Amino acid sequence: MTGVQALGPFITFEGVDGSGKTTQLHYLAERLRAAGEAVTETREPGGTALGNQLRQLLLEPSPEPIVPQAELAMMFAARAQNCERVIQPARRRGEWVLCDRFTDASLAYQGAGRGVARATILTLHELLCPGCRPDLTLILDVEPRLSLERARKRLHRAGSSEGRFEAEGAAFFERVRAAYHNLARLEPERCRLIETAAPELEVAERIWHEVARAMAGRQPLAFRKTS
Ligand code: TYD
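Owing to the predicted nature of the structure, the values given are computational and were not obtained by experimental measurement.

> Let's hear about the confidence of the model for the chain: which residues, and what values?
Of the residues in the chain, 94% have a pLDDT of 70 or more, and the chain-wide mean is 92. Scored below 50 in pLDDT, residues 220-227 shows 18 contacts in the model against residues more than four places distant or in partner chains.

The following block contains the structure:
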């Protein structure tokens, strides 16, 4: 007999470049696995073979300026592929899905950063990623002045050419950060603003606490895997 199975929890990590979200995502994934949960980690742009090709086009220097609408369309092409092929299948298997950036990054970067209308971005999400909405979004907050230096050094050390966004000026990142703050105010039931000034492991602890709190209302995963 097969019962109706709820989707696995979907958690996204957001923040300006260099906010430490990738490290924190890995900490959470490891802690969930240690607790016996199945976890899929993914990222945007990326997560699939097509998504990684688009990531290169989006993050590496471009031979001509990329117009904001084209940038947005490529972000959503990668996202649609990731939703359909990675995120939703994993959730249907009852797994936790942790995604490094999602549609909120488009609202912050292409919306607040580049000036694309919020309604356009939300419409694209509805059309291209129907039913794919995070249960919880952790916004790692840091002053762009501090985090960008970190992000640029990291790219330099890795010999990476993925620096198209890091090359933007301070005003761009202040708009991105303000958009994330605004999002946390607009959607307090889904979004948590996480202060990152504390040491890494303290931030990880705070995140664990937020995840436990947000998921407390849900049945344990083992109960939802009906057979
Ligand atoms: P990411 O790999 O998370 O960079 P970092 O680890 O430095 O934070 O994201 C790559 C860049 O892509 C980042 O500068 C933000 C940008 N981006 C958008 O502009 N819009 C989007 O929808 C997404 C998913 C990312």
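Here the narrative resumes.
> I'd like a rundown of the site of the ligand, residues and numbers included.
Taken together, 18 residues surround the ligand, and among them Asp17, Lys21, Arg55, Arg101 and Ser106 come closest. In this structure, lysine 21 approaches the ligand through a side-chain N or O atom, which is 2.7 Å from an oxygen atom. Here an oxygen atom of the ligand and a side-chain polar atom of glutamate 166 are 3.2 Å apart. For the ligand, whose unbound accessible area comes to 560 Å², protein coverage reaches 94%. Assessed atom by atom at 2 Å from the grid points, the ligand resides in the largest pocket. Mapped onto the shell around the ligand, the elements with two or more residues apiece are helix H2 (49-59), helix H3 (68-92) and helix H4 (103-113).

> Can you tell me about the packing of H4 against helix H7 (residues 170-186), naming the residues and giving the values?
Packing of H4 against H7 leaves a shortest axis separation of 8 Å and a crossing angle of 135°. In this view, H4 runs oblique relative to H7, as classed from their interaxial angle. For the pair H4 and H7, the sense of crossing is right-handed. Along the contact surface, H4 presents Asp104, Ala105, Ala108, Tyr109, Ala112 and Gly113, while H7 presents Phe172, Phe173, Arg175, Val176, Ala179, Tyr180 and Leu183. A breakdown of the residues in the contact of H4 with H7 according to their chemical character gives ten nonpolar, one polar and two charged.

About the thresholds
Residues numbered from 1 in each chain as written. Predicted model: local features only at pLDDT ≥ 70, side-chain atom pairs only at ≥ 80, totals over all residues. Heavy atoms only, no water. pLDDT = per-residue confidence, 0-100. Contact = heavy atoms within 4.5 Å. Near = heavy atom within 4 Å. Polar contact = N/O pair within 3.5 Å; in protein donor to acceptor, adjacent residues only side chain to side chain. Areas by Shrake-Rupley, 256 points an atom, 1.4 Å probe, with all protein chains shown as cover. 1 Å grid on protein atoms, 1.4 Å probe; cavity = no way out; pocket = protein on both sides within 12 Å on 5 of 7 lines; lining within 4 Å. Sits in = over half its atoms within 2 Å of the grid points. Helix = DSSP H or I, 4+ residues; strand = E, 2+ residues; numbered from the N terminus. Axes fitted to C-alpha atoms, helices over the stretch in contact; angles between N-to-C directions. Parallel < 35°, antiparallel > 145°, perpendicular 65-115°, else oblique. Left-handed = near helix turned anticlockwise from the far one by under 90°. Nonpolar A, V, L, I, M, F, W, Y, C, P; charged D, E, K, R; others polar.

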